[in-house]
Amino acid sequence: MSYDVIVVGARVAGAATALLLARAGLRVLAVDRVAFPSDTVSSHQVQVPAAARLARWGVLDRLVAAGTPPAREVRFDSGRVVLTGRYPSVDGVDALYSPRRTLLDAVLVDAARSAGAEVRERFRLEELVWRDGMVTGIRGRGARGPAVTERARLVIGADGKHSAVAAAVGARVRWSAPVRTFASYGYWSGVPLPSAELYHRDGHVVAAFPTGDGLSVVYAATPLARFAAARRDLTAHHLTVLDRCGDLGARVRSGVLAERLRTTPDLPNVVRASHGPGWALAGDAGAVMDPVTAQGISHALADAESLARAVVAGLAGGRPLGAALVAWERRRDRRLRPMYDLTLRTAALRPRRTDHALFAALARQPAEVGRFLGALAGIVPADRYFTPRVVLPLVGAAALRRAMSGG
Ligand SMILES: Cc1cc2nc3c(=O)[nH]c(=O)nc-3n(C[C@H](O)[C@H](O)[C@H](O)COP(=O)(O)OP(=O)(O)OC[C@H]3O[C@@H](n4cnc5c(N)ncnc54)[C@H](O)[C@@H]3O)c2cc1C
């Protein structure tokens, strides 16, 4: 049997793409080398726009029913001021959720299957199949048995930041930046969080969110240059960072580390050309950035939705597929660029004087805090928030001049 679309990788980008394509009536095969539920090295703040997408697809209820708590209140601490507020809502969803990847990815895989997609777990892509310069399928193998070939009109690589599909097609790097931070995160019991907490400090960004099973997930970003020293004792490093965040360190130390701490310096910033003859890339395979702004899942789900729309238009709607994919990639880049720039700025882990001037102004204008939190979360486009037109009236011309001149 041949398929309309084969999707390689079945986590947030792949399973969501398969779900939406199958719902549109296409014949879809999704493969993944792991079996679900499966964890991965990733914390899992699902920002409000992504939660709104999951709600629209009928998936959010299952995460909530499985015990994922909402985080509506946010406490942002810059070391000089503390701002508290709520995220702006998107399509009636007003909370961030932090479901474990063992839950989120498995629920999306189930939803894709229910929509009619065939999902093969423990199936590893070995190579792409080509004809006349065009990708026409995949070759790979399951846990047992010989290698098999499957054919499709389009192969989508949703196989993550070290995408084998991107490598095989030679996807060109369009924008990139060196790795800036390394991440460490842990799951703690006995550390109740009345609200989500964000700390932006010189040398660190820290985020703490409630997840399922009564646990709190606490994430710390540290400059990559400090990785070698931190490696001597990663848990001690993590706790020392939290000690610099008000009483968070003390609260975490009074709790219990429920699972081993996860740490990784594998945090590339790369955006690739994401389509060509017979292939496309979704999620991290096409665009990956430092998780300091926790945007990867949002990006993967938004990508799934807009790519699926383009593919349906190209394979079932009478529009040439190539033209639909050109337009899709252009839209992806327009959506991504402001957050990519904000992410690189945040990953420098050094708030600027103008940032501190904005935080101080917001502390005097609490009604404005929600929109600021919305810009950090990707609800309000960063390029429409961090502009003189928005910041100047908040901060005031004299204070902004002083901040810019270092006074
Ligand atoms: C430390 C850390 C913390 C993060 N925290 C957050 C956060 O709080 N919020 C957020 O939004 N994002 C976060 N991210 C980013 C997020 O993890 C990614 O953006 C997201 O997982 C990308 O989803 P994806 O489906 O594109 O790729 P992945 O989740 O990487 O999935 C790719 C899948 O492809 C499969 N695969 C790969 N190769 C093959 C092959 N040859 N054959 C078959 N299958 C294959 C893999 O098994 C995998 O299941 C974090 C990332 C890191 C590293």
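Residues numbered from 1 in each chain as written. Predicted model: local features only at pLDDT ≥ 70, side-chain atom pairs only at ≥ 80, totals over all residues. Heavy atoms only, no water.

Q: Any chance you could break down the overall build of the protein for me, citing the residues and the numbers?
A: In terms of regular secondary structure, the protein is built from 15 helices and 21 strands. Along the three orthogonal principal directions, the C-alpha set of the protein runs to about 65 × 45 × 40 Å. Within the span of the protein, comprising 407 residues, buried residues form 58% of the whole. Carbon together with sulfur atoms contributes 51% to the accessible area of the protein, which is approximately 16,800 Å² in total. Charged side chains of the protein number 55 positive and 35 negative; the gap between the two group centres comes to 5 Å. (Helix = DSSP H or I, 4+ residues; strand = E, 2+ residues; numbered from the N terminus. Buried < 20%, exposed > 50% of the residue type's maximum accessible area, 1.4 Å probe, protein only. Areas by Shrake-Rupley, 256 points an atom, 1.4 Å probe, with all protein chains shown as cover. Lys, Arg positive; Asp, Glu negative; His and termini not counted. Charge placed at Lys NZ, Arg CZ, Asp CG, Glu CD.)

Q: Outline the nonpolar core, listing residues and values.
A: Judged by nonpolar contacts, the single largest core of 100 residues is most densely connected at L54, I156, V311 and F372. If near-sequence neighbours (up to four positions away) are discounted, L54 is found in contact with V46, V59, L60, L63, L104, L108 and L301. One finds Y3, V155, A166 and W279 within the second-largest nonpolar core, a separate group that totals 19 residues. (Core = buried A, V, L, I, M, F, W, Y, C linked by side-chain atoms within 4.5 Å. Contact = heavy atoms within 4.5 Å.)

Q: Give me the lowdown on the domain arrangement of the protein, citing residues and values where you can.
A: The domains assigned to the protein are domain 1 (2-41 + 101-174 + 268-343), domain 2 (181-264) and domain 3 (353-405). The straight-line distance from the C-alpha centre of domain 1 to that of domain 2 is 32 Å. Opposite the six residues of domain 1 that make contact, domain 2 presents seven residues. Taking both sides of the interface into account, the surface hidden between domain 1 and domain 2 amounts to around 520 Å²; carbon and sulfur atoms contribute 54%. When the buried area of domain 1 at its contact with domain 2 is split by residue, V41, D290 and V292 rank highest and sum to 68% of it. (Domains from an automatic or database assignment. Buried area = accessible area lost by both parts, 1.4 Å probe.)

Q: Summarise the packing of aromatic side chains; cite the residues concerned and give the values.
A: Per the stated rule, a full pass over the model turns up eight aromatic pairs. With a centroid separation of 5.2 Å and an interplanar angle of 90 degrees, the aromatic rings of F76 and F372 are classed as edge-to-face. Of this pair, F76 sits in strand β4 (residues 73-77) while F372 sits in helix α12 (residues 369-377); the two residues are 296 residues apart in sequence, bridging distant segments of the chain. Residue F372 is classed as buried on the basis of its relative accessible area of 1%. Taken together, the aromatic side chains of F76, F359, F372, Y385 and F386 make up a single cluster linked through ring pairs. Positioned above the aromatic ring of W175, the side-chain terminus of R337 is 4.2 Å from the ring centre. (Phe/Tyr/Trp six-rings, centres within 6.5 Å; stacked < 30°, edge-to-face > 60°. Lys NZ or Arg CZ within 6 Å of the ring centre and 35° of its normal.)

Q: Could you give me a rundown of the environment of S298, with the residues and numbers involved?
A: By the element assignment, S298 lies in helix α9 (residues 296-315). With a relative accessible area of 11%, S298 lands in the buried category. Separated by 239 residues in sequence, S298 and V59 place their C-alpha atoms 14 Å apart. Sequence-distant contacts of S298, that is, excluding residues within four places in its chain, are made with Q47 and A50.

Q: So, helix α14 (residues 388-395): which residues are in play, and what are the values?
A: The set of residues buried in α14 consists of V390, V391, L394 and V395. Along the long axis of α14, the arc covered by the buried residues comes to 105 degrees, so they all point the same way. Relative to its buried face, α14 has exposed residues pointing more than 90 degrees away, namely P388, R389 and P393. Packed against the buried residues of α14 are α11 (353-364), α12, α13 (382-385) and α15 (397-405). Just downstream of α14, G396 is the residue with a positive phi angle, here 95 degrees. (Arc of directions from axis to C-beta.)

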